[in-house]
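If you want the building blocks of each chain, they are given just below.
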4 protein chains.
Amino acid sequence: MQHNCALFGIFGHDDAVSLSHLGLYALQHRGQESAGIVSTSGERLERQVGLGLVNQVFNKRKLAAIRGTRAIGHCRYSTSGSCTDANAQPLLFSFAGGQVALAHNGNLINASLLRRKYEEVGHIFQSTSDTEVIIHLLAKPAHQQKKFPLNHVLNHLQGAYCLLLLFSDRMIAVRDPLGFRPLCLGHMDNGAVVVASETKAFDMIGATYDRDVEPGEIVTISDAGVESRRFGGDMGGRGAACIFEQIYFADPSSLVFGENVHLVRAKMGQQLAIESPAEGDLVVPIPTCATCAATGYAKQIGIPYGRAFTTSHYAGRSFIMPTQSDRDIAVRMKLNVIKEAVKGQRLIVVEDSVVRGTTTRAKIGALRKAGAKEIHLRVASPPIRHPCYFGIDFPTQNELIANTRTVDEIRDFLEVDSLQYISHEGMLSCVQMPPEKYCTACFSGNYPMSVDEPVEKFAMEHGQMQMFT
Amino acid sequence: MQHNCALFGIFGHDDAVSLSHLGLYALQHRGQESAGIVSTSGERLERQVGLGLVNQVFNKRKLAAIRGTRAIGHCRYSTSGSCTDANAQPLLFSFAGGQVALAHNGNLINASLLRRKYEEVGHIFQSTSDTEVIIHLLAKPAHQQKKFPLNHVLNHLQGAYCLLLLFSDRMIAVRDPLGFRPLCLGHMDNGAVVVASETKAFDMIGATYDRDVEPGEIVTISDAGVESRRFGGDMGGRGAACIFEQIYFADPSSLVFGENVHLVRAKMGQQLAIESPAEGDLVVPIPTCATCAATGYAKQIGIPYGRAFTTSHYAGRSFIMPTQSDRDIAVRMKLNVIKEAVKGQRLIVVEDSVVRGTTTRAKIGALRKAGAKEIHLRVASPPIRHPCYFGIDFPTQNELIANTRTVDEIRDFLEVDSLQYISHEGMLSCVQMPPEKYCTACFSGNYPMSVDEPVEKFAMEHGQMQMFT
Amino acid sequence: MQHNCALFGIFGHDDAVSLSHLGLYALQHRGQESAGIVSTSGERLERQVGLGLVNQVFNKRKLAAIRGTRAIGHCRYSTSGSCTDANAQPLLFSFAGGQVALAHNGNLINASLLRRKYEEVGHIFQSTSDTEVIIHLLAKPAHQQKKFPLNHVLNHLQGAYCLLLLFSDRMIAVRDPLGFRPLCLGHMDNGAVVVASETKAFDMIGATYDRDVEPGEIVTISDAGVESRRFGGDMGGRGAACIFEQIYFADPSSLVFGENVHLVRAKMGQQLAIESPAEGDLVVPIPTCATCAATGYAKQIGIPYGRAFTTSHYAGRSFIMPTQSDRDIAVRMKLNVIKEAVKGQRLIVVEDSVVRGTTTRAKIGALRKAGAKEIHLRVASPPIRHPCYFGIDFPTQNELIANTRTVDEIRDFLEVDSLQYISHEGMLSCVQMPPEKYCTACFSGNYPMSVDEPVEKFAMEHGQMQMFT
Amino acid sequence: MQHNCALFGIFGHDDAVSLSHLGLYALQHRGQESAGIVSTSGERLERQVGLGLVNQVFNKRKLAAIRGTRAIGHCRYSTSGSCTDANAQPLLFSFAGGQVALAHNGNLINASLLRRKYEEVGHIFQSTSDTEVIIHLLAKPAHQQKKFPLNHVLNHLQGAYCLLLLFSDRMIAVRDPLGFRPLCLGHMDNGAVVVASETKAFDMIGATYDRDVEPGEIVTISDAGVESRRFGGDMGGRGAACIFEQIYFADPSSLVFGENVHLVRAKMGQQLAIESPAEGDLVVPIPTCATCAATGYAKQIGIPYGRAFTTSHYAGRSFIMPTQSDRDIAVRMKLNVIKEAVKGQRLIVVEDSVVRGTTTRAKIGALRKAGAKEIHLRVASPPIRHPCYFGIDFPTQNELIANTRTVDEIRDFLEVDSLQYISHEGMLSCVQMPPEKYCTACFSGNYPMSVDEPVEKFAMEHGQMQMFT
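If you're wondering where the values come from, they're calculated on a predicted model, not measured in any experiment. (Residues numbered from 1 in each chain as written. Chains lettered and ligands numbered in written order. Predicted model: local features only at pLDDT ≥ 70, side-chain atom pairs only at ≥ 80, totals over all residues.)

Caption draft 1: Seen up close, the overall build of chain A. The helix and strand tally for chain A stands at 19 helices and 23 strands. Counting all 469 residues of chain A, 59% fall into the buried class. Nonlocal contacts in chain A, meaning residues at least 24 apart in sequence, comprise 72% of its contacts between residues at least 6 apart. (Helix = DSSP H or I, 4+ residues; strand = E, 2+ residues; numbered from the N terminus. Buried ≥ 20, exposed ≤ 12 C-beta atoms within 10 Å, placed from the backbone. Contact = placed C-beta atoms within 7 Å.)

Caption draft 2: Here's a closer look at the relation of the copies chain C and chain D. Superposing chain C onto chain D requires a rotation of 180 degrees together with a translation of 0.0 Å along the rotation axis, leaving an RMSD of 0.1 Å. Both copies are brought into coincidence by an operation consistent with a two-fold rotation axis. By residue overlap, the copies meet face to face through one surface: 100% of the interface positions of chain C are interface positions in chain D. (Least-squares fit on C-alpha atoms with pLDDT ≥ 70 in both.)

Caption draft 3: Main features of the domain arrangement of chain A. All names here are of chain A. Here chain A is partitioned into domain 1 (5-239 + 462-468) and domain 2 (255-444). Taken residue by residue, the interface counts 22 residues in domain 1 and 16 residues in domain 2. Of all the elements in the fold, those that place two or more residues in the side of domain 1 that touches domain 2 are β6 (98-108), β7 (159-166) and β11 (208-212). For the side of domain 1 that touches domain 2, the residue count by class is eight nonpolar, nine polar and five charged. (Domains from an automatic or database assignment. Nonpolar A, V, L, I, M, F, W, Y, C, P; charged D, E, K, R; others polar.)

Caption draft 4: Quick look at the confidence of the model for chain A. Residue and element names in this part refer to chain A. On average, chain A scores 89 in pLDDT, and the residues at 70 or more come to 89%. Of the regions scoring below 50 in pLDDT, residues 316-329 engages in 20 contacts with residues more than four places distant in sequence or in other chains. Low pLDDT, under 50, characterises residues 453-469; the predicted model gives this stretch 18 contacts beyond four residues in sequence or across chains. The complex prediction reports pTM at 0.86, with the ipTM value standing at 0.90. (pLDDT = per-residue confidence, 0-100.)

Caption draft 5: Up close: the interface of chain C and chain D. Listed as interface residues are 33 residues of chain C and, on the opposing side, 33 residues of chain D. Among the elements of the structure, α8 (200-205), α10 (261-275), α11 (291-301), β19 (335-337) and α13 (339-342) of chain C are those that each provide at least two residues to the side of chain C that touches chain D. Tallied by class, the residues present in the side of chain C that touches chain D amount to 13 nonpolar, 13 polar and seven charged.

Caption draft 6: Fine view of the nonpolar core. Within the largest apolar cluster, 317 residues are counted, with the highest numbers of intra-cluster contacts made by V283 of chain C together with V283 of chain D. Excluding residues that lie within four positions of it along the chain, V283 of chain C makes contacts with A294, Y297, A298, I301, I303, P304, Y305, G306, I348 and V350 of chain C. Judged by nonpolar contacts, the second largest core, of 316 residues, contains A71 of chain A together with L137, V283 and C289 of chain B. (Core = buried A, V, L, I, M, F, W, Y, C linked by C-beta atoms within 7 Å.)

Caption draft 7: Focus on the pairing of strand β8 (residues 170-175) of chain C. Residues and elements named next belong to chain C. Burial within β8 is extensive, with five of its six residues counted as buried. Hairpin connection, strand β7 (residues 159-166) to β8: the antiparallel pair is bridged by three residues. Taken together, the six bridges between β8 and strand β12 (residues 217-222) define a ladder with antiparallel strand orientation. In the strand pairing of β12, V174 is matched with I218. (Pairing = 2+ DSSP bridges.)

Caption draft 8: View of the sheet that holds strand β17 (residues 282-285) of chain A. Residue and element names in this part refer to chain A. Taken together, four strands build an open sheet; the order of strands is β17-β20-β21-β22 and the sheet is parallel. One side of each edge strand has no neighbouring strand; the edge strands of this open sheet are β17 and β22 (418-421). Along the sheet, successive strands turn relative to each other by an average axial angle of 20 degrees, direction set aside. Pairing of strand β21 (residues 374-379) with β22, which is carried by four bridges, proceeds in the parallel orientation. Bridge assignment links L377 to a residue of β22, and that residue is L419. (Axes fitted to C-alpha atoms, helices over the stretch in contact; angles between N-to-C directions.)

Caption draft 9: Molecular detail of the sheet that holds strand β12 (residues 217-222) of chain D. All names here are of chain D. Pairing is antiparallel in the open sheet, where six strands are placed in the order β5-β6-β7-β8-β12-β13. Each edge of the open sheet carries a strand with a single partner, namely β5 (91-95) and β13 (225-230). The mean inter-strand angle of the sheet, taken between neighbouring strand axes irrespective of direction, is 20 degrees.

Caption draft 10: Region of interest: the interface of chain A and chain C. The partner chain C presents 17 residues to the 17 residues of chain A that form the contact. Those elements that place two or more of their residues in the side of chain A that touches chain C are β5 (91-95), α4 (111-120) and α5 (132-139) of chain A. Considering only residue class, the side of chain A that touches chain C consists of nine nonpolar, five polar and three charged.

Caption draft 11: Representation of unusual backbone geometry. Residue and element names in this part refer to chain C. Residue Q89 is joined to P90 through a cis peptide bond whose omega torsion reads 0 degrees. Within the secondary structure layout, P90 lies in the loop between β4 (70-76) and β5 (91-95). One non-glycine residue with positive phi stands out, namely E415, at about 60 degrees. With respect to the element layout, E415 can be found in the loop between α16 (407-414) and β22 (418-421).

Caption draft 12: Expanded view of the environment of F8 of chain C. All names here are of chain C. Along the polypeptide, F8 turns up in strand β1 (residues 5-11). The class for F8 is buried, based on 30 C-beta atoms found within 10 Å. Setting aside its immediate chain neighbours within four residues, F8 contacts S20, G23, L24, L27, I72, G73, V195, A196 and A201.

Caption draft 13: Focus on the pairing of strand β10 (residues 193-196) of chain B. Residue and element names in this part refer to chain B. Of the two faces of β10, the one carrying V193 and V195 and the one carrying V194 and A196 are both buried. Two strands pair when backbone bridges link them, and strand β1 (residues 5-11) and β10 are joined in this way by four bridges, in the antiparallel orientation. Among the inter-strand pairings, F8 is bridged to a residue of β10, identified as A196. Direction of pairing for strand β9 (residues 184-187) relative to β10: antiparallel, over a ladder of four bridges.

Caption draft 14: Focus on the packing of helix α10 (residues 261-275) of chain A against helix α11 (residues 291-301) of chain A. All names here are of chain A. Where α10 contacts α11, the axes come no closer than 6 Å and their chain directions differ by 45 degrees. Between α10 and α11, the interaxial angle falls into the category oblique. α11 is crossed by α10, and the crossing has right-handed handedness. Touching H262, R265, A266, K267, M268, G269, Q270, L272, A273 and I274 of α10 are C292, A293, A294, T295, G296, Y297, K299, Q300 and I301, all from α11. Per-class residue counts for the contact of α10 with α11 are ten nonpolar, six polar and three charged. (Parallel < 35°, antiparallel > 145°, perpendicular 65-115°, else oblique. Left-handed = near helix turned anticlockwise from the far one by under 90°.)

Caption draft 15: Structural context of the environment of R44 of chain A. Residue placement: R44 of chain A occurs in the loop between β2 (34-40) and β3 (45-51). A residue is classified by how many C-beta atoms lie within 10 Å of it, and R44 of chain A, with 13 of them, is partly exposed.

Caption draft 16: Representation of the environment of L263 of chain C. Take L263 of chain C: it is sitting in helix α10. L263 of chain C sits 149 residues away from D412 of chain C along the chain, and the two C-alpha atoms are 31 Å apart. Beyond its immediate sequence surroundings of up to four residues, L263 of chain C is in contact with E340 and A341 of chain D.

Dropping the structure here:
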């Protein structure tokens, strides 16, 4: 299973590789496990990937080893498979049409089935990443003979996917028909076209945001300019923009799904204060993700915004470490309570979301140990009760604290004096698109596509698998 | 010249090396250029040092290469000399008394003179660090024959110094008579004694803070327990605790000079609001150092605390990069404006201090470019007009923006609508010790000791240099 | 194009990985560009590869990362493609039959055609190595349904190939029907079965040589024991054992094609002395490859064997550096003339082979400059006039000095007083199999299979390509 | 204790650093534990050192980090102390006279005493290398005030030493009054002056050998040219050129003590054959050190020279690995018996020297196991019975096989059919200087200076230690 990641692409700039490096750096919060860039000057594609942070993977030597005016890059958040170089993206292949590199953000729910079908007809796979199946589909002669092979490939994919493909002569950006994950288009002063998961990457390199890649859109960038075409048919006005991008995943400075993440979070904080006020001396965020929501809460309720922790700038976000033991180390090495600021205070603690509850509990415990008099926890998202099949790396369902516990039981587990979550409707009132355009399945269990037996169903419905029989 | 650094020491713990590693990690904000640990089991001293962050210098192999139940560690902020391994501390020497390791935080204003004098009588130096001279003094037979050689050594030193010395059988912590830099004593549950520049290191390893090492105190830790003795004579009630530790350098969660840094900074923000209120829609800090002061300002004035920037967690603090070019990169890679949060707003921007003004100007410019309607800058420390000779790495005096410009000229340079600094008295009203206990020379020019011709004067005054003639 | 390489495999030993490491180290002379091992405990296959020498690629961490009781390894000599990790062998794939790893020594002359055909029907390739096509053939459902899929795969391959395949439950060793390259079978005391390109690897790990894998034999090693089957049909008594393995490539201590390499070379030196005696004071080898032949020459002719050069043990064999510039450096850094041993002497210099002539010329020049009175060059192989399509990395044909020059012209080019090569018949009289069992094409131009338009011809002759039409 | 090492220096060449790199590479056989270069353009001295082989220590980045037209370099063989960067030479210091770098080959038998005396008067040491004491002597004001401070320094040193010193404005080469270790002077075509332990380094960089630095000579190279002066007084015609340099340590292509090493060894082989002929089929060397002697032996006796082993070019000489376990690995990874060449043969095995006997026994055992019919061992040096105090890293005396065993007992231990050593007189008849010019103490026990209580004695004799009282 492929999880949420970062994509960056640029076409038509002499510094394509170093700008990709900076762009990936700006999106580092979306993935810390591996990073990679494939570039080309219009001929051969060259690839450099590795495990670790962008700045660890790319030293001067590695950046100098790849050249070109076109490049795509990728940061990987995590994989359920083993963490090896072989799975680091972008993947690079050659086929009858030449070379192609691929970077993927999202999760294909029918990729394993497709892979199995391809294996049955004699195809071989190098990576353990299911993403590889997209290139097998693309290389299929029946697809290659079509006017738009990619349209036919995409009809086979089910799930969440933003894709960047790089050929020697063109870069292609794709967003799935329901638009689960964000993907933005922009340009540089010299006319270079840029693509990124979030606009923060544009800010870093001085690019201008133009618009989102639309759900169900294929954007082809070449020397001939930017072309757009549609695929995937009519979704009946439905969409599946991941609300968790707004709540937790994206950077507050980014535009995501057309609106600023910080403002959405601050609004959620305000809405939470309206729905669930609390009495106290200080409103403090669990740093640093809940800062936005906490400013909104504090502003709405009129209680001073304060600070209860300091953070170390030298280690990564706890949420995106791969194993439990790493997560424990990360918590300990990231936050330190300001005891004197907390002692004897009635704290209103704002959190953006509670997943397992274990790290929240640890932080609350630290506040309590430092002498907080009262702790009222307010969470700017509803209880998470359902798994995500579309790219967010939640733990298994029975590790989700809200799956097996009532709010009162969670309050007791977290050892807070009171606990309130924002309502589902309240949350949706803070974003600009209508509710049917969002996926809120992790809260509601209403999945935008069937995931019960996702692959078989898909195969039967669309009848596209006869190619394999 | 030696700049502000971090010290950590532990005596009597099986995990002395790994705890030192964690302790230094917790103090990483005090120095990012080099890191090192010297340890011993009571016999031979072993040393591992390197350039870079604590987590870069110490991998598993390096940590496994040194063992022991006693260890001292050091992070270096910067040096005016070349940045080489040879200067990384702790330094390790052998002399007639055996082996000794030394770590130093501060700056000795007469070290160059002492070094020159020693060179004149035939001594040789390996590092370009003046710190080495302390061991030459210590090894002097005339000093070694005294009951307390170190007391005699320290009488020769002029300037700011916290020292940690490790011998095979004891660890010694020293703080200069005026107490420029902080140094704290604590203990672990197993009875191990710990020493650190800031209490944040104690929090990281689960140690308990006991007290500060006093100005003019030598604390000797051995199997016989903890012994204290005094040196340096009567200072007449004066002290020189560096107020800039409270304003900028130390971590907000630490106790420094006996009080919590965050609370001091928040009080300074409140005092600044009392002295210099402003009208606006949002109070926003320049992240992340000014967060504490901004919460105090917002609370006092009753205007919502907001957020104007996001930060990247993957690069270091701009202030502590060694060269101008690195500082520029660091700014660009660290902060991103949240344009939508700023557009059309009247911002009250809180900054902890303005040194050169160039990065502040860059950040203000970014806010302006994002569409801020008004920008009122409030600085929670007075104008910095004078160099520091005691460990803070300010630029040369005419690079200090307040040295050559009036407040109005600075306002124009920074392109803000209004600018106010906290008053000198206001600042001192926010800390608990009486004013004569602090060094505020960077603001006032009143140095706690003569620095005009510091070395010659010292030599004549004390008459201690005849040893060399 | 794939060049001469080393293979090593072991089945049924707890130290399979570290024994593979040692085995590859012993075969390092066959390939210095990359090294790799794939191992398994009977379940998942794990892979570690890298660029460089065996001892550079495999540190403790890398060796510890792969485990198992079965392993195959590979050292690569050179590739015509780019030198990247992606091409390092063994390659590892998954397909409908599970995981499979492949290591290849030799060169498939129809691999490019096969690859193109597969690409045309929609297959994708990850490496630029043509070896990958073997797994595409293997994964073909029509092949998988056969009782012995591999037999059908091998019928498609034209050229020189020794293969090692590792599945979770078995290891398979294959040698092509003409037996171009050597491949040996042996066993350990514990019953483990070992396979290696040369018996030197068995000596290193204490294994016993049993026999060669026969041309046209597939040996399958599993828990059920060792099975042998044949493929490829009747060759009419012909073979194509590469005589250049005996002359230059293999280690003198190895058995190759059933006889000891040193003894073959010494016999060639003797035969050369019989055919082309010379007068002189000393018989000296061009170190170190010609040592064997020189001892034979000296013994036969009764002139003292001497030494004219010393060698540096810290750099690799010049012949196997990838680029011309590296080859130049290697020459300069590898040999030093013993001037005093050479001055005024009449030297009979023995060389094993002369390819380009440039390095021989450099060495002869050094002898001349050191004052040699006469230099008579004797070469223990015939003039090399034709390219090798089966794994020896000769330069292009017109770089071969004997391709465009007569022996007299070569003598003048090399600036020697006399020059004689061994005769073709003389050479063949020194090896034990009958002449029709050897490939001597580089000397004679008589290729054991058509290589004019090798791929098209093959496709038509055998009619096996209709699968692709 | 400092052991035999390599020195290289160059003054007056734009490529001083890279030529030093090449020069050290050529002398790699003299030391594999660490390597270092200090260079200067006439101002600041810059240093790069590290553990490992020359090619491991110096990558492009490290070579680029030091510049200059003058450089000295050093390879260290081994130290009895811990193997750390801190001891890697050249050492670099600053003192009243500026900066100075020092590289030392040999062993000072009174260095520990001198160090202790200096420590007693308050000097401190950074390295555990006794070499550092030379700079303490040099920095002494009483010495600095003399016209030739170095002459006075050298009068304090007892033992074997070749020194290279680099100051910003001059390079100084020194050889001790008895001339234990070799040191050669030469020049480049551009006039640059070069110094090296052996002439092989000159061959590598294209320099011309001029003459040896004489025993008791100080050669100063500066922009003013080359100056020579003497020190140490009259030795009464005695010398102490280390005969073991000729037998084992130096490269056969080098001039050492004015004559070629290979020719000396070949003569020793001839002499050995005259003294101790044997009957057999083949004369084979223990590779690769005994090759020279074996050619002499074979020539003299008229039995064919043969080959019994192949060697791997990818690991170092067994003799210079620091620990027993490394030595064992090295043997196994370096040599492989050519079984077919040995089986049924009567071998006359020539060895250059037998120290412990363990590796010789292992090699003989391998020959026996391979089926040798008879093995007659002939050793081209006398039995080693005494320790070396002057730079050769022999094991402790009772590990020397000839110290506790008769020749017959050694024969039995080594399991050879016969064993003969060259005679002491025979050995000395093969070198050109008269016997009194050589140190043969390891064979004879006649040390060229008293080593019973070397340091105290020295101190009393010369009365130079009152400086410390």
